[in-house]
Amino acid sequence: MAVTGWCWGDRRSAFTVFFFLLFVHCIAILLFTSGFLLTRTELPHYSHCSHVSQSPCPHQNHTCWTKPAVDRIVIILLDALRFDFVAPSTFFQEKNPWMDKLQVLHKLASESGARIFKAIADPPTTSLQRLKGLTTGGLPTFIDIGNSFGAPAIVEDNLIHQLVQNGKRVVMMGDDTWTQLFPHHFNKSYPYPSFNVKDLDTVDNGCIKHLIPALYDDDWDVLIAHFLGVDHAGHIFGVDSVQMIDKLQQYNEQLEKVVEVLQNQSDKGGLHENTLLLVMGDHGQTVNGDHGGGSPEEVETSIFAMHLKKPSFPVPSEYDTSSCKLDLDGRKVCVSSIEQLDFAATVSALLGIPFPFGSIGRVNPMLYALVAGTWNLESYDMSSSHSQLEMEEWMHNYAKVLCVNSWQVKKYIDVYTDSSVIGFSIDDLKHVQEMYSQAVNWSTNSLHNDVSSFDALKKQIDLYSNFLASVAELSRTKFTEFDLRMMGIGFGILLTSIFIHLLVIKRVEDMYIADFPYQEINTVSFGLVVSCAIVAARACSFLSNSYILEEGKMTSFLLASITMLGLHRSIMTKKMISEAAALVFLISILRFTIELGLSKQGSPEVSSEFHSWVYVADILPILPLIILAYLLYKSISSSSCNWLLKFVITGSILSYILVALHLTLGSSSLSHMIPPIFDGIKGNLIPRAIYVIGIAQLLFLSVVQFFEEEKTSKWEETTLMKAVGMLSVWSSTLIILSGKQGPWVALASVIGGWLILRLRGLDQDYKNGSTGLLASYSSSVTQWSFLASCLFFCSGHWCAFDGLRYAAAFIGFDEFTIIPQAILLTIETYGFSHILPTLGLPFLVAYRHSFNKAKQTRESIIQLFQVYLIYGLIMAVTTSFTVLCVMIQRRHLMVWGLFAPKFVFDVVGLILTDVLICVSSLIYFVRT
C-alpha cells in the first residue's frame, strides 16, 4: 500500500474525501456570494411633505412637493406585456400574428390626450423585481430573484406607502404578489394565486369581475388591476400561439369596456373628469414566453397613458423624442420612450405626493406633459392657439418639479453614501455634486435675475435632466456593493479545492501504480493532453460574454473536436470505427437541436394538410420509451442480481408505460379519439403516480444498499445493476417533466453514454495495461462531462432565468407549494446534465470489467474512485473560471443580465454534482 492506514476506494474513505470537497466548495461559494450578490443598503428613511422646505427650490403655494395634476389613476398592469403587443405592426420590420390585437389602444393613441410609450426595464426581468422597481423608483438587486416565489414585504420607502401616508385610497385586484409586497396598504384587495402557470384565467377572471364595478365607485384614488394571462400563456404555449392571441383579444375587449366607462364619466364634474389611465407591463418576454434576462425582448415593455381631462397640449418639441407612423387603419400613432425607473417619480409628481426616498428616477417630460393639469390651463383662453407663453409656463412648472426631483435624488445619494459600507467613490460623488451645484446655481441666478425666457428655462431643465441621468447611469454600474475581500477569499478557497483535487488524484494514481504494477506504465497519454486542452478552452471561454451567450454551440463544438480526434485514432488503429462515427453523428444531431431549440412545446396553428404529421409527432415520442423499456427488461432478464433490485427496475418500466399514456392523453391532435372514461386521469393523476413510484423505488434501493450483504466477488455486476436502477428511477420523473422531447433526450443520453464507454480504450492497450488511471480515463470522462452539458442545452435550457421551464414545476400540481415545486424544477433543470450523468459514471468502469473476470474488485473500485475525482475536477475548474469571470466583469453592463445568472447556474450545478458524488460513494463503493 502506498499510504498505510488509509484504504483508498472503500466507502468510508471515498465518502470522506468527497464530502470534504463538498464542504470546501460550499464555504468558498458562500463567501464569494456574500461579497458578490450583496443587496444594496435599504435605508429606513421615508419622504414627508414637510421635507420640501429644506430644498433650494422655489416655495410652492400647495401643501406638498408638487401641485397635483390628476385626481385618480387607474393602473391596469398586463404581466409580460411585450412592446410589440401594444405598438402598431407598422413600427416593426416584420409583422407577426400577435401584433395589432390591442386595437383600442391604437385608436386612442391617435387622438389627443393619449400616447404609447416604450418602457425600458432594468434586468433581471422577474415580476417581483420589476414591481419593486416600479414602486420604489430604485434598482432592485439581483439576489431578490430568490424571493420570486415568495415575495417579502417591501420595507423601504415606495409609491404605495406614500399614497397611503398622504391619504390616498388604494384598491388592488389580481396577482397576489401585491398583497405580499404591501400587506397592509390597500383599502380593498382582491388577490388571486399567481404561481400556477398552467392557469390562464383565474387571475384574469378575478380582475374582470371586480374592475368594471370598481370604476363606478368613489371610494378609491388609485386602482391597480394586475392581469397574468399573457405571462402564463407565454410560459406554457409561447408567444406565437392561439392561446396568446386569444388572451390579447380578451384584453382588447376588456380595455374597450374600461375606456367606455371612464369616458362616460369624464364630463365636467364627473367621477373621472381628471382621471389618468395607465395600461402597462412589468417586463416583456421572449418568443418562447420566457423572461428574467436582459435581452431586448425581455426588457422592452410598454405603457399606454390617457388623460381623461381635455384639452391636452403636446409636449414642447425640444423634449419630444417620439416617432410617428400610420397604423394599419391609416391613423397617426406616435410612440415615445420612458425608463421604468422614472415611473415612481412621475406618478408621484402627478399626484402631488412626496417621491419615494430611494427613488433615482426622473419625472418623464412626455408623460408629465400629457396630463392637462400640468399646463395651468385655467389661466388661458381655451380657444386660443398653443402660444409661446403657454409653453414657457409649462416649462417653468416642469423646471420646478425637476428641481424637487433633483434635490430628492441628491439627498438620497448623500444619505446612502453616509450609511452604506461602501457607497460611491469620492470621484463619483465629486462629479455628482458639481452637476447638481451647477443646476441649482443656474436656477437660483435665473430666479434672482428674473430670467424666465424660453432658452433660460430650457437650459435649466437640461441641467437638472443631465444630473438625474448621470446619477441613474452611475447607480446602474456601481450601486451594488461588491466586497472584494470576501470575493477574493471565496475564489482563493475554490482554487485551493482544485489543488486538493489534484493532490488526491495524484495520490490515487501513485497508489494504483504501486498496488497493481505493470511492466511499463505511462502516466501521460495523447487523450490526457487533449482533454486538458479542451477543458481549459471551455473554462477560458467563460471570460467572454459572447461565448457565454453561445455556450451550447461552443460546448458541442469542443465535444465534436475531441470526438473527431477519437475517430481519427479509431481509423488509424482500425478499432471501433463504427462506434466513433456514430458518436460524431449523435453530436451533430445534438448540435442541430441546440440550434433549433427543440424543447419548446409551443403549438402554433397547423394547416389541415399537415394534420397527419401532427399525429406522427404526437405518437413518435412513444418509440424511444419502448426502446428504453426494452433495454431495462433486457438488463434484468440477463442479470442474477437481487430480486428486490429487479423489482425496482420493473417499476421504472411501469412508469414508462404511464409516461406514454400521459403523452397520449395530453395530445391535442388525438384528444377527439380518446374515450371519455380517460378524462378523469388526465392532468395530475398520472404524474403523481409516477412520483409515488419513484419515491417507493428510492426506498427499496435504500433497503438493498444498507441491509443486503455485499459480495465483493460480484461487485461489477451489482454495481451495474445499481446504476441501472438509479438511472431508471430518476429518468421516469425527468422524462415526464421534460415533455415530448424528454424520451428523445433520454434515449440520446443512453446512446451517447454507451458509445463513450465502448470507445474508452482507444488511448491505451487493455491487454498490457500500459497507461495509468488518469491517462486512461481522462478522455472518456471529459467526453461524458461535455455530453452532459450538451444535453442541458439541447433539452431547452440555457444559463439565464428565462431558460428555466417553470411549467415543469406544476406538472401534477395545480397549486403552488414551495418545496415540491422547487424539487421538480431542479430535477427538470439539472436532470439530464447533472443527475443522470453523475449517477451513471460507474458504467465507465464496471461495464468493461464485467467482461474481464481477471480484474480484481479492488482495482475496479479504485478506478471508479479516480473517475469520480476527475469528473468533479472538471466541474470545479469550469465553475472556478465562471467565478473568475464575474469577479472581472462585475462592473460590466451585462453583469446582472448574463454573468450573474451564469454564476448561479454553475455554482448550483457544482454543489449538486458534489452531493450526487457523495451519494454515489455510499451506493457504489463497498464497506470494509
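A brief report on the enclosed structure follows. This one's a predicted model, so the numbers in the text were calculated from it and none came from an experiment.

### What to know about the overall build of the protein chain
Consideration 1: What the protein chain contains, in helices and strands, is 31 helices and nine strands.
Consideration 2: Scored against the burial criterion, the 928 residues of the protein chain give a buried share of 59%.
Consideration 3: Considering only residue pairs separated by 6 or more positions, the protein chain has 80% of its internal contacts joining residues 24 or more positions apart.
Consideration 4: As displayed, the protein chain offers around 36,800 Å² of accessible surface, 61% of which is attributable to carbon and sulfur atoms.

### Considerations on the nonpolar core
Consideration 1: By size, the foremost hydrophobic cluster in this structure holds 150 residues, and its most contacted members are Phe36, Leu869, Phe903 and Tyr924.
Consideration 2: Considering each element in turn, this core owes the most residues, 18 residues, to helix H30 (residues 857-888).
Consideration 3: With sequence-adjacent residues up to four places away left out, Tyr924 is seen in contact with Trp715, Thr719, Lys722, Ala723, Met726, Leu839, Pro842, Leu864 and Tyr868.
Consideration 4: Counting 82 residues, the second-largest nonpolar core is a separate cluster that includes Val70, Leu77, Leu159 and Val409.

### Some remarks on a nonpolar patch on the surface
Consideration 1: On the surface, Leu620, Leu623, Ile627, Tyr630, Leu631, Tyr633, Trp744 and Val750 cluster together to form a nonpolar patch covering roughly 720 Å² of accessible area.
Consideration 2: Those elements that place two or more of their residues in the nonpolar patch are helix H22 (622-637) and helix H26 (742-759).
Consideration 3: Along the chain, Trp744 falls in helix H26.

### Here's the deal with the sheet that holds strand S5 (residues 222-227)
Consideration 1: If you walk across this open sheet you meet the nine strands as S4-S3-S5-S1-S6-S7-S2-S9-S8, and the pairing is mixed. At either end of the open sheet lies a strand with only one pairing partner, and these are strand S4 (188-192) and strand S8 (323-326). Each strand axis lies, on average, 20° off the axis of its neighbour in the sheet, ignoring direction.
Consideration 2: Relative to strand S9 (residues 332-339), strand S2 (residues 114-120) is paired through five bridges, and the arrangement is parallel. Residue Ile116 lies in a different strand from S9, and its bridge partner there is Val335.

### Focus: the packing of aromatic side chains
Consideration 1: Inspection of every chain in the model, using the stated rule, returns 23 aromatic pairs.
Consideration 2: Geometrically, the ring pair formed by Phe15 and Phe19 is stacked, given 5.7 Å between the ring centres and 20° between the ring planes. Here the residue Phe15 and the residue Phe19 both occupy positions in helix H1 (residues 11-36), the gap between them amounting to four residues, near one helical turn.
Consideration 3: With centroids separated by 5.3 Å and ring planes inclined at 65°, the aromatic side chains of Trp65 and Trp407 adopt a geometry described as edge-to-face. With Trp65 in the loop between H1 and strand S1 (72-78) and Trp407 in helix H13 (residues 388-419), the pair connects residues that are 342 residues apart, well separated along the chain. Both residues of the pair, Trp65 and Trp407, belong to the buried class.
Consideration 4: Taken together, the aromatic side chains of Phe18, Phe865, Tyr868 and Phe925 make up a single cluster linked through ring pairs.

Each value, and the rule that gives it
- Each chain has its residues counted from 1, running along the sequence as written.
- Reporting of local features is limited, given that this is a predicted model, to residues whose pLDDT is at least 70; pairs of side-chain atoms are given and counted only at 80 or more, and all residues count toward the totals for whole chains, interfaces and linings.
- For side-chain calculations, the full set of non-hydrogen atoms in the structure is used, while hydrogens and water are omitted.
- Elements are defined by DSSP. Helices are runs of H or I of four residues or more, strands are runs of E of two residues or more, and each kind is numbered from the N terminus.
- Burial classes follow relative accessibility: with a 1.4 Å probe on protein chains only, a residue under 20% of its type's maximum area counts as buried, one over 50% as exposed, and anything between as partly exposed.
- Note on contacts: a residue pair is in contact if any heavy atoms of the two residues lie within 4.5 Å.
- Using a 1.4 Å probe, accessible areas were evaluated by the Shrake-Rupley method; residue-level cover was limited to the displayed protein chains.
- Buried residues of nine kinds, namely Ala, Val, Leu, Ile, Met, Phe, Trp, Tyr and Cys, make up a nonpolar core once their side-chain atoms join them within 4.5 Å.
- The patches reported here contain residues having more than 30% relative accessible area and no salt bridge. Joining distances are 9 Å for like charges and 5 Å for nonpolar side chains (Val, Leu, Ile, Met, Phe, Trp, Tyr).
- We define a salt bridge as a contact between a side-chain nitrogen of Lys or Arg and a carboxyl oxygen of Asp or Glu at a distance within 4 Å.
- Here a strand pair is declared whenever DSSP counts at least two bridges between the two strands.
- Here an axis means a line fitted to C-alpha atoms, over the contact stretch when the element is a helix, while the angle between two N-to-C directions is reported on a 0 to 180 degree scale.
- Classification of ring pairs rests on two measures: the distance between centres of Phe, Tyr or Trp rings, Trp counted by its six-membered ring, which must be within 6.5 Å, and the angle between planes, read as stacked under 30 degrees, edge-to-face over 60 and tilted in between.

Everything listed here is a matter of coordinates, which is why it stays silent on function.
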